[in-house]
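One-letter residues, chain by chain:
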Amino acid sequence: MKMNVFKYSAGIACVVLASLTTSCNELDLAPTNKFTELNYWTSEAKASAVLSQAYSQMMNSSKYFSDERLSDNLYEGRGSTDEKKITSGQVTTALGRFSTEWSDAYKGIKTCHTLLENIDQIDMNESEKEVMKAQARFIRAYLYFRLTNHFGDVPLFDHTITIEEANNISRSPKADVINFVRTELNEIVNILPTKEEYAEEDRGRITKAAALMLLARTYLYENDWQNVASICEQIMSGENGQYALFQDYSGLFLPENEYNDEVILDLGYLFPNLTWSEMYDGIPLSVGGRVNGFAPTQELVDDYVMLNGKGINEAGSGYNEDEPYVNRDPRLQASIVYHGYQWTNGDGVTSTIYIRPGSSADAGASNLDEYAGQGQNATGTGYYLRKWFDPTAPAGMTSGLNLILMRYADVLLMYAEAKNELGQMNETVWNQTIRPIRERAGFTDAGALNYPTSGDMRTIIRRERRCELAIEGLRLYDIRRWKTIETVQNGRLHGAKFAANNTQYIELDARSFDPNRDYLFAIPQSQRDINPNLTQNPGY
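Description of the structure in this document. (Residues numbered from 1 in each chain as written. Predicted model: local features only at pLDDT ≥ 70, side-chain atom pairs only at ≥ 80, totals over all residues. Heavy atoms only, no water.)

## Looking at the nonpolar core
Then step 1. With 154 residues, the main nonpolar core has Phe138, Ile139, Trp388 and Met406 as its most contacted residues.
Then step 2. Broken down by element, this core gets its largest block of residues, 13 residues, from helix α8 (residues 126-151).
Then step 3. Not counting chain neighbours up to four residues away, the residues in contact with Trp388 comprise Tyr64, Phe65, Phe253, Trp276, Met279, Leu401, Asn402, Leu403, Ile404, Ile471 and Glu472.
Then step 4. Of all hydrophobic cores here, the second largest spans five residues; its members include Val305, Phe443, Ala448 and Leu449. (Core = buried A, V, L, I, M, F, W, Y, C linked by side-chain atoms within 4.5 Å. Buried < 20%, exposed > 50% of the residue type's maximum accessible area, 1.4 Å probe, protein only. Helix = DSSP H or I, 4+ residues; strand = E, 2+ residues; numbered from the N terminus. Contact = heavy atoms within 4.5 Å.)

Here it is as structure tokens:
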């Protein structure tokens, strides 16, 4: 599927789409009616090219990691990026992140409309045509869902609009956008194949389960627990495709294990034609990193429980602040690089990562990875990333590793959360959800695996979700829906205990979250300058 979905997107698809996107208003989709209708729509391959373009516009690596940088999982230690401005509360309506988020989504929606309105000109198998339409409708729904999560009310239209319409359209209520998304997903779920029904060369395409999972997320983000549980049960039943936890957590994120039975939908890449390189600024400098652009926070590290299942601050946990990484959740080592970490590269060579200030002598040389304060080349928090490191990537970390958008562990976690919020969490549900996730992670202690008889179950589930899905672009949306963003994104986050001669935890730049404004992005000023009917969100 990698080649089938993406190989055309830099070629003929771009040619046809270039003729459709000449207006400054990102909502405008006014074809020339010269190239597209008379000459382009002549073969299934050409329709596939446009669908390929839509896939590539659904999501990208930059947004994947920048969403995580908007949460309390990652800290940006260098420069003044848009994400840093957002988390510090220093934003204007002209911020680039707001305008690119808006324009990128509507460009993808344009592509979907182009395919949906022209594909019937092609003489091809009707069943295959309907499946292609269903994929385009999913991508359009995905983009509208992302838009409304960031902006609230947004212009909603399901067809090509003229320049005049684009320059005068108003924002539709968020409830109408969500209703449109749900209606689309409910209609296409019976058209889309299961993953088993796709041919091998089409693996990775949008499936029934992907439609159901996106539908579940629309209810999850509104705390509609009954619908979340019901939809998750449809996926867990196996009737919409057979999914299971991959046997090894670390291996889940390696290129040789792409398209395994846990992956429901991923962002497809292919080396060397279509790659991403964000990890170039995430891994230790001594093993090929450039500079550290973003690093895990102490708050994320602290949420990884001990091997006995207890949080580090719980009585009987066995946590030792002087040896903070001993006897911890195995997913910590799979995801985050800490002082003393044993790093293995793609050639199987292992090296020790020295980060604690003053550890250069231990390293036997000048240590590039040593914490030297914020704004330096090395980490600003005392940590680096391991999760998403591609051992096959060449220098510069130009990786062809797929980035996972949806996976089965998330289904189990959504189900566990929904059942708990409904007052229906019990040992049976635990053994269906949290226990197998922890077993796969490498826990063996009964205290971690057995149904808890004490402790706050909501805290346990939320912590499990954070650690299982860390650096997968979901944390921002979780803390928004839990309303905990008002607390965790106000004040200072922390890094490792490397300040004041290794006696205090690093205090990072202050973050600020205004609950009266910051749950939503600003409507881009560039779009309001074109269209006066686009109202602004409160507080901007």
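We are not done yet, so read on.
## Examining the packing of aromatic side chains
Then step 1. This model, assessed by the stated rule, comprises 26 aromatic pairs.
Then step 2. With a centroid separation of 5.0 Å and 75 degrees between ring planes, the pair formed by Phe253 and Trp388 is classed as edge-to-face. In this pair, Phe253 sits in the loop between α12 (225-236) and β2 (263-267) while Trp388 sits in the loop between β7 (384-385) and β8 (403-407), placing the two residues 135 residues apart along the sequence. In this structure, Phe253 and Trp388 share a single accessibility class: buried.
Then step 3. Both rings, one in Tyr325 and one in Tyr383, keep their centres 6.1 Å apart while their planes meet at 85 degrees; by these two values the pair is edge-to-face. Placement of the pair is Tyr325 in the loop between α13 (298-302) and α14 (330-335) and Tyr383 in the loop between α15 (360-363) and β7, with a sequence separation of 58 residues. The burial state of Tyr325 is the same as that of Tyr383; both residues are buried.
Then step 4. Through a chain of ring-to-ring contacts, the aromatic side chains of Phe98, Trp102, Tyr106, Tyr144, Phe151, Phe157, Phe180, Phe521 and Tyr540 assemble into a single cluster.
Then step 5. Geometry around Tyr243 places Lys195 over its ring, the cationic atom sitting 5.2 Å from the centre. (Phe/Tyr/Trp six-rings, centres within 6.5 Å; stacked < 30°, edge-to-face > 60°. Lys NZ or Arg CZ within 6 Å of the ring centre and 35° of its normal.)

## Brief notes about the packing of helix α4 (residues 44-58) against α8
Then step 1. Viewed as axis vectors pointing N to C, α4 and α8 meet at an angle of 20 degrees, and their least axial separation amounts to 10 Å. Taken as axis vectors, α4 and α8 run roughly parallel relative to one another. The two elements α4 and α8 meet at a crossing, and its hand is left-handed. Where α4 abuts α8, its residues Glu44, Ala47, Ser48, Leu51, Ala54, Tyr55, Gln57 and Met58 lie against Glu128, Met132, Gln135, Ala136, Phe138, Ile139, Tyr142 and Leu143. (Axes fitted to C-alpha atoms, helices over the stretch in contact; angles between N-to-C directions. Parallel < 35°, antiparallel > 145°, perpendicular 65-115°, else oblique. Left-handed = near helix turned anticlockwise from the far one by under 90°.)

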